[in-house]
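# Architecture at a glance
Chain by chain, the residues run as shown.
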Amino acid sequence: MSNETDHFLTAGRESPASANAGMLLVHVLILLKVIPSHFIWGGRISGESELVALESLSVVIQIVIIALIALKTGYLLPGKFKRTARIGIWLLFGFMVLNTAGNLASISGPEKLFMTPLTVVLALLSLRLAMEK
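Each value, and the rule that gives it
Residues numbered from 1 in each chain as written. Predicted model: local features only at pLDDT ≥ 70, side-chain atom pairs only at ≥ 80, totals over all residues. Heavy atoms only, no water. Axes fitted to C-alpha atoms, helices over the stretch in contact; angles between N-to-C directions. Helix = DSSP H or I, 4+ residues; strand = E, 2+ residues; numbered from the N terminus. Left-handed = near helix turned anticlockwise from the far one by under 90°. Contact = heavy atoms within 4.5 Å. Expected span 1.5 Å × (residues − 1).

Interaxial distance between helix α2 (residues 15-31) and helix α5 (residues 109-131) falls to 9 Å at its minimum, and their mutual angle equals 150°. Considering how the two elements wind past one another, α2 and α5 form a crossing that is left-handed. Residues Ser15, Pro16, Ala19, Asn20 and Met23 of α2 form the contact with α5, whose participating residues are Met115, Leu118, Leu122, Leu125 and Leu129.

Here's what the structure looks like:
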């Protein structure tokens, strides 16, 4: 294979991690009240304590996702836990598909408008990474 072909096949391996880092930042900014929280969680958050609990969970999940992607792409513990990373990325793909369905069912217009396309892209990037050897 030529270097151009190699580059094409490996280009974008970092995209899922970058996109999830962006999502991590959004969740942190929501916790810090920089971004309003009314357009997340389907517009169904009932109070401050529920918001903090759910957004804290989101931050932890995003960190786990980023670590999983780093494991799969070889940035974290290269050559180790390959099977775990492969299974985890397929689970991530399923999670993103379910997340997209949840965003489509949201009663919040902004969540449906902005988060649905983002989770579709994350699902496709996760699928691409899952299919990679």
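Once the structure has been displayed, the description carries forward.
An ideal rise of 1.5 Å per residue puts 38 Å on 26 residues; helix α3 (residues 48-73) measures up with 37 Å between its terminal C-alpha atoms. On the buried face of α3, the contacting elements are α2, α4 (82-104) and α5. Remark: Gly74 follows α3 within two positions and exhibits a positive phi of approximately 90°.

Take the environment of Ile30 next. Its location among the elements puts Ile30 in helix α2. A sequence separation of 10 residues divides Ile30 from Ile40, and the C-alpha atoms of the two residues are 9.2 Å apart. Apart from residues lying up to four places away in sequence, Ile30 is in contact with Ile35, Pro36, Ser37, Ile40, Leu51 and Glu55.

Distances and angles like these do not, on their own, reveal function.
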